[in-house]
Amino acid sequence: MLAEEPNQDLGELIQIALDVAGSLDPREVIARILERGTHAVQADRATLSSLVDDHVVIEATYGQAGELTWVGQRYSLDYFAGQPLVQKAIDTLQPTFGGRLAADKAAPEFRQALANVRHVAVVPLVHGTRAVGMLVFSRYEDRPFTAADLAALTLLGTISGLALRNARLFEEGKAARERADEAAARLRAAAEAAEDVASQVQLDAVLRRLLQRAGASVDADGTSLARLEGAEMVIESTPTGELVGTRWPLMPKVLAGVARGNAVELTAGEYTGAPEGLESVVQPYRRFLVAPLAVGGETIGLLAMGRKTDEPFDPAAVQSLQQFSTLGALLLRNARLIAQAQVAEQAKSEFMSIAVHELRAPLTVTSGYLGMALEGAFGDLPPSLKDVLATALRKTEEAKLLADELLAVARMEGKVLTPNPEAISVMGVLQDAVARARPRAALVKATITIEPGDDSTALADRAMVGTILDNLLNNALTYTDHAPTIRIRAGLDAGQLAITVTDDGIGITPADQPRIFERFARGTDRITREKPGSGLGLYLSRGLAEQMGGSLKLQASQPGEGSTFVLRLPPTAP
């Protein structure tokens, strides 16, 4: 026996330790423990079990003939209540020896094997201060284990416990890394899907991308997206457009899952009693998955997916879908808000256009009659009445100009006012604008100079460019407290034609500069407030410039020192 040759025992145990520790695969470690341990203690059979929480898992058995049998059966630790020898080893963390185990207390599948056993040694596999498993060595001959075997068995238990624990930890770490990699991959996929959806702005495009990405993420054959309204859903989008706008009741199971924020999976058998009109849509599918789209605790939509085969949806794919759904819900809500804003903006522009048309007609009539009266068409008028009518005519004309601006803004915002680009001479449009401004400039004794520059051609709408220049020159002539000087220059800059308009007027305060291109925005200084104006000129001018593929920006301005605006237009092709 081993105890008779201690030096040889030590060398063999060291070899066992090196051999067992040479692998981190739990099954390989178990096989080596059983094989080397059986031969080391001269047993006929060895069985290794793992202790997991309050259960024992009988892993494998090994015999002298070299046969290794993997068992894998799981039992409660109460199973050892009838085996005092085993219970003592677990409680004391020390090897215990004895005769045969109580076969009548063992599980039926082990009773025949235990009937042949004459002597056993139970060795706890110890890690730290607890048993992580145990080895049961059996001898079929009347050759008992003795105290001489204790040192070898104790060392074998410690070596085996450490090796098995290390292998288990390595396996758990590997599994954790794989789960982390899978989770990261799912997050990347969800982020990529959300980025794809986020590349769209229009609601119908967002809905289409949501359906495509959701269906692909869970390998679905059919998809639809609906709004949740109480206990009903209103179908908002399908790949073919079928049933869009129709309303259907939801199953209680789906409602319960949605209330918890969870995806609900249904088999064809569970999805019974489809509402009339929906049977033909539901019939091709054998599995269904309904996932809520929720933002801030509010369910704003339902993704419904169908699979034609009766195969469960992959739980990992469903989890990835739920991660994507969180981002998708936010994108869907934003797209809906944008769509609502666009509808409201369109309605507002249409209303403004109609209202201005209705306003302009009586103003034109009033202006005409006032002009006729002042010209004597209705007889001579007293001087005092002439002054009153002249003031009324002037205010009527101002109202007409405001109506014209409002109409232009409404047409621009409603996409009715579209550019008609052509090759135009920049110097030509500048000269035309100065000619139109000359009568007004003479009234305020202004000086307008076109400085030498490139006489290039721009690809733009002549009338729109004229409107922009008229607005810039009108502002320069209006917002001043002295006879103004205005300089205009044109030239190529960064691949575009740049028209620069500089004045020496009252300038724009730093606080007002960020908002001067907004609708109805006017300066807050005293002089600006005293001047007439609608606050639409720069807003309209910038919009027209952008429609032509150009831009209008405030380059510089200082209170009391004037302002410089730059209009950029695309050049004609070389």
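In what follows, the structure referred to is the one given above.
Residues numbered from 1 in each chain as written. Predicted model: local features only at pLDDT ≥ 70, side-chain atom pairs only at ≥ 80, totals over all residues. Heavy atoms only, no water.

> Give a description of the packing of helix α12 (residues 462-478) against helix α14 (residues 537-547) that names residues and reports values.
Packing of α12 against α14 leaves a shortest axis separation of 9 Å and a crossing angle of 150°. It follows that α12 is roughly antiparallel to α14 by the angle criterion. The hand of the α12/α14 crossing is left-handed. Here α12 contributes Met 464, Thr 467, Ile 468, Asn 471, Leu 472 and Asn 475 to the contact with α14, which in turn contributes Gly 537, Leu 538, Leu 540, Ser 541, Leu 544, Ala 545 and Gln 547. (Axes fitted to C-alpha atoms, helices over the stretch in contact; angles between N-to-C directions. Helix = DSSP H or I, 4+ residues; strand = E, 2+ residues; numbered from the N terminus. Parallel < 35°, antiparallel > 145°, perpendicular 65-115°, else oblique. Left-handed = near helix turned anticlockwise from the far one by under 90°. Contact = heavy atoms within 4.5 Å.)

> A description of the packing of aromatic side chains should follow, citing residues and the corresponding values.
How two aromatic rings sit relative to each other is given by the distance of their centres and the angle of their planes. All chains considered together, the criterion is met by three aromatic pairs. Judged by centre distance (6.4 Å) and plane angle (70°), the rings of Tyr 285 and Phe 288 are edge-to-face. Both residues of the pair, Tyr 285 and Phe 288, count as buried. In this structure, Arg 307 packs its charged tip against the face of Phe 313, placed 4.3 Å from the ring centre. (Phe/Tyr/Trp six-rings, centres within 6.5 Å; stacked < 30°, edge-to-face > 60°. Buried < 20%, exposed > 50% of the residue type's maximum accessible area, 1.4 Å probe, protein only. Lys NZ or Arg CZ within 6 Å of the ring centre and 35° of its normal.)

> So what's going on with the sheet that holds strand β12 (residues 298-307)? Residues and values would help.
The strands that make up a sheet pair up through hydrogen bonds in the backbone, lying either parallel or antiparallel. If you walk across this open sheet you meet the six strands as β9-β8-β7-β12-β11-β10, and the pairing is antiparallel. Both outer strands of the open sheet, β9 (247-249) and β10 (264-267), are each paired with one neighbouring strand and no more. With strand direction ignored, the average angle separating the axes of adjacent strands in the sheet is 30°. Taken together, the three bridges between strand β8 (residues 232-237) and β9 define a ladder with antiparallel strand orientation. Of the residues in β9, the one forming a bridge with Val 234 is Arg 247. Helix-sheet contacts for helix α6 (residues 203-217) involve β7 (222-229), β8 and β12, and the interaxial angle to β7 is about 125°. (Pairing = 2+ DSSP bridges.)

> Could you give me a rundown of helix α7 (residues 252-260), with the residues and numbers involved?
Taken as a whole, α7 has its buried residues at Val 254, Gly 257 and Val 258. The arc that holds every buried residue of α7, seen down its axis, measures 100°, which confines them to one face. Exposed side of α7, more than 90 degrees from the buried face: Pro 252, Ala 259 and Arg 260 are the residues found there. Lining the buried residues of α7 we find β7, β10, β11 (287-295) and β12. Of the residues trailing α7, Gly 261 is marked for its positive phi of about 80°. (Arc of directions from axis to C-beta.)

> Break down the side chain of Thr 96 for me, citing the residues and quoting the values.
Structurally, Thr 96 can be placed in strand β4 (residues 96-98). Residue class for Thr 96 comes out buried when judged on its relative accessible area of 6%. In this structure the side chain of Thr 96 is engaged in a polar contact, spanning 3.1 Å, whose partner is the backbone oxygen of Leu 85. When residues no more than four places from it in sequence are discounted, the contact partners of Thr 96 are Leu 85, Lys 88, Ala 89, Val 120, Ala 121 and Val 122. (Polar contact = N/O pair within 3.5 Å; in protein donor to acceptor, adjacent residues only side chain to side chain.)

> Kindly report on the nonpolar core, identifying the contributing residues and their values.
Core analysis: the largest hydrophobic core is formed by 46 residues, its most contacted members being Val 465, Ile 488 and Ile 499. Counting residues in each nonpolar core, the second largest holds 23 residues, with Ala 220, Ala 317, Phe 324 and Leu 332 among its members. (Core = buried A, V, L, I, M, F, W, Y, C linked by side-chain atoms within 4.5 Å.)

> Please give an account of the sheet that holds strand β16 (residues 485-493) that cites residues and values.
Pairing within the open sheet is mixed, and its five strands lie in the order β14-β16-β17-β19-β18. Bordering the open sheet on either side are β14 (447-450) and β18 (551-558), each of which pairs with just one other strand. In this sheet, adjacent strand axes meet at a mean angle of 15° when their direction is disregarded. α14 rests against β18 and β19 (562-569) of the sheet, and its axis sits at about 135° to β18.

> So what's going on with the pairing of β7? Residues and values would help.
The pairing of β7 with β12 spans five bridges and is antiparallel. Among the inter-strand pairings, Ala 226 is bridged to a residue of β12, identified as Leu 302. In this structure, β7 lies alongside β8, joined through five bridges in antiparallel fashion. Pairing of Ala 226 across the sheet is with Ile 235, part of β8. Where β7 hands over to β8, the hairpin turn is made up of two residues, of which Gly 230 adopts a positive phi near 65°.

In short, geometric facts, not functional conclusions.
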